[in-house]
Amino acid sequence: KQWYQRRVAITAGTHGFVASPEIATALALAGTLKFNPETDTLLDSEGNPFMLDTPYGDELPANGFDPGEDTYQAPPADVSSVSVEVDPSSNRLELLTPFSAWDGQDYHDLQLLVKVKGKCTTDHISAAGPWLKFRGHLNNISNNFLITATNSENGEMNSIKNVLTGEFGPVPGTAREYKASGIGWLAVGDENYGEGSSREHAALEPRHLGGKAIIVRSFARIHETNLKKQGMLPLTFADHADYDKVQPGDKVSILGLTSFAPGVPLTCKLTHPDGSTDEFSLNHTFNDNQIGWFKAGSALNAMAQ
């Protein structure tokens, strides 16, 4: 069974299980998660044991699906006079502001925000539970960014060193300080980064907080594409062992963007706090269309051009 911590509650011990409607119904009838409908029995009103029949039914309706009522309203041909009004005091809804386009230059001296160790699903990147009420408010929901991921520097969650203050603090707050100070940043991850549900906020949040790139050993495919859509650079270590070269406090340059092309690796240059450097290759899976998203600042920006 697949389970998720903190999916519907903040407590780590609360797990959410994925089950079919048939299994969910059987467990509800039995009143226990230990019930196995293939081998276990229930008791009828007279105390006699019985087993549930194997579920059966039509896979698809014989007469097709009811098309329902067509409620689609086409947008007006001229949308220049159309405005969407959102209460500015709302903490659950806000209008999105387009992300800025790429400035045409390589990324130099990006600050390493955090080097994530081990498993990092979209739940770790954008926690669910009480945060779901902020799905319509990007700035507020961004306060859950990577708060349950493990920092390789200290083995703790939501505790990273702020290079501006020298103190340890929460991931979202530190990212906000860097953004306010005009410091671009990136994060580093491990294997299969972004696995799990394909929530867009896991890609929107780092972009909103000032992130430029995510470099990992490997990506979950959907999350990798979602990052591209938001104008982020999802990149992978050509040599997985290069993950170990990344140190706390590193400044990271991503070189080769001025000739960004499908199938052509980029170069990563690490400048460590002691002044020493490391340089290695980064792979990517961008095609020409997706490179257009990056240059425009996001897929939506590209569509609007």
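In this report, we go over the structure that sits alongside the text. All values reported here derive from a predicted model rather than from experimental measurement.

Rules and cut-offs
- Residues numbered from 1 in each chain as written.
- Predicted model: local features only at pLDDT ≥ 70, side-chain atom pairs only at ≥ 80, totals over all residues.
- Heavy atoms only, no water.
- Phe/Tyr/Trp six-rings, centres within 6.5 Å; stacked < 30°, edge-to-face > 60°.
- Helix = DSSP H or I, 4+ residues; strand = E, 2+ residues; numbered from the N terminus.
- Buried < 20%, exposed > 50% of the residue type's maximum accessible area, 1.4 Å probe, protein only.
- Axes fitted to C-alpha atoms, helices over the stretch in contact; angles between N-to-C directions.
- Parallel < 35°, antiparallel > 145°, perpendicular 65-115°, else oblique.
- Left-handed = near helix turned anticlockwise from the far one by under 90°.
- Contact = heavy atoms within 4.5 Å.
- Nonpolar A, V, L, I, M, F, W, Y, C, P; charged D, E, K, R; others polar.
- Salt bridge = Lys/Arg side-chain N within 4 Å of Asp/Glu carboxyl O.

### Side note on the packing of aromatic side chains
- For the structure on display, the rule yields nine aromatic pairs.
- Ring geometry for Trp 102 and Phe 294: centres 5.4 Å apart, planes at 40 degrees, overall tilted. Here Trp 102, found in the loop between strand 4 (49-50) and strand 5 (107-115), pairs with Phe 294, found in helix 7 (residues 288-296); they are 192 residues apart in sequence, far enough to count as distant. Just as Trp 102 is buried, Phe 294 falls in that class too.
- Considering the side-chain rings of Phe 237 and Phe 280, the 5.8 Å spacing of their centres and the 45 degrees angle between planes classify their relative orientation as tilted. Of this pair, Phe 237 sits in strand 10 (residues 233-237) while Phe 280 sits in strand 13 (residues 277-283), and the two are 43 residues apart along the sequence.
- On the accessibility criterion, Phe 237 (3% relative accessible area) is buried.

### Observations regarding the packing of helix 5 (residues 201-208) against helix 6 (residues 221-229)
- Where helix 5 meets helix 6, the closest approach of the two axes is 8 Å, and the angle between their N-to-C directions is 40 degrees. Regarding the angle of helix 5 to helix 6, the classification is oblique. The hand of the helix 5/helix 6 crossing is right-handed. Together, Ala 202, Ala 203 and Pro 206 of helix 5 and His 223, Asn 226 and Leu 227 of helix 6 make up the contact between the two elements.
- In terms of residue class, the contact of helix 5 with helix 6 is built from four nonpolar, two polar and no charged.

### Overview of the pattern of salt bridges
- Evaluated as defined, the whole model comprises five salt bridges.
- Across the pair Arg 199 and Asp 123 runs a salt bridge whose closest N-O atoms are separated by 2.8 Å. Note that Arg 199 is positioned in the loop between strand 8 (185-189) and helix 5 and Asp 123 in helix 2 (residues 122-125), a separation of 76 residues in sequence. With respect to class, Arg 199 is no different from Asp 123; both count as buried.
- By sharing partners, the salt bridges in this structure join Asp 190, Arg 217 and Asp 244 into a single network.

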